[in-house]
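Next come the chains, spelled out residue by residue.
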Amino acid sequence: MRIHISTNDGIPIYLQIVNQVKYLVASGRLAAGEELPPIRVLAEQLVVNPNTVARAYRELEGAGLVEKRRTAGTYVSDNGSRLARGERLKILAERIDALLAESRQLGVSIEDVLDLIQKRDRVMRNGEEGGGS
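These lines cover the structure that appears in this document, whether it is placed above or below. (Residues numbered from 1 in each chain as written. Predicted model: local features only at pLDDT ≥ 70, side-chain atom pairs only at ≥ 80, totals over all residues. Heavy atoms only, no water.)

Let's talk about the pairing of strand β3 (residues 73-76)
Next up, step 1: Of the strand pairs in this sheet, strand β1 (residues 35-36) and β3 are connected by two bridges, and their pairing is antiparallel. Bridge assignment links Glu35 to a residue of β3, and that residue is Tyr75.
Next up, step 2: The pairing of strand β2 (residues 66-69) with β3 spans four bridges and is antiparallel. Bridge pairing in β3 places Glu67 opposite Tyr75.
Next up, step 3: What sits between β2 and β3 in their antiparallel hairpin is a turn of three residues, with Thr71 showing a positive phi close to 60 degrees. (Pairing = 2+ DSSP bridges. Helix = DSSP H or I, 4+ residues; strand = E, 2+ residues; numbered from the N terminus.)

Below you can see the structure in the form of structure tokens.
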């Protein structure tokens, strides 16, 4: 399981973990029954306080995406194996909000952001590599 956190995007680290696990579940990269890394292991990988990871896991458990098995770890629940379309859109909306906030801070117009998104989509569809300009 690969999770990347950013201290610069204004989103609390525990929420970044929650959102990325939700994304991994929604995309099928984490399947029902699959074990998440132990709290301490993930905290070490991300160089964060274990309490931050524990909070993220509690949020995920409260949302029904994961289940804790006593002394056996934390696993993707059967309920969370495929998120509903609404939840997937909610995840994207949160990422869009962060993008819009950052574009405003940088003084980039919404038109330029949309143009850049379309350009990046074309690059990704064509399998090309390149910069963001």
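Let's talk about unusual backbone geometry
Next up, step 1: A positive phi angle, near 55 degrees, is found at Val47, a position not held by glycine.
Next up, step 2: When you line up the elements, Val47 lands in the loop between α2 (39-46) and α3 (50-62).
Next up, step 3: Accessibility expressed as a relative area gives 71% for Val47, which makes it exposed.
Next up, step 4: At Thr71, a residue that is not glycine, the phi angle is positive and equals roughly 60 degrees.
Next up, step 5: Locating Thr71 in the fold gives a position in the loop between β2 and β3.
Next up, step 6: Taking the relative accessible area as the measure of exposure, Thr71 reaches 90% and is therefore exposed. (Buried < 20%, exposed > 50% of the residue type's maximum accessible area, 1.4 Å probe, protein only.)

A closer look at the side chain of Thr74
Next up, step 1: By the element assignment, Thr74 lies in strand β3.
Next up, step 2: For Thr74, a relative accessible area of 7% gives the class buried.
Next up, step 3: Among all residues touching Thr74, those that are not within four sequence positions of it are Glu34, Glu35, Leu36, Tyr57, Val66, Glu67 and Lys68. (Contact = heavy atoms within 4.5 Å.)

Purely geometric numbers; function is a separate question.
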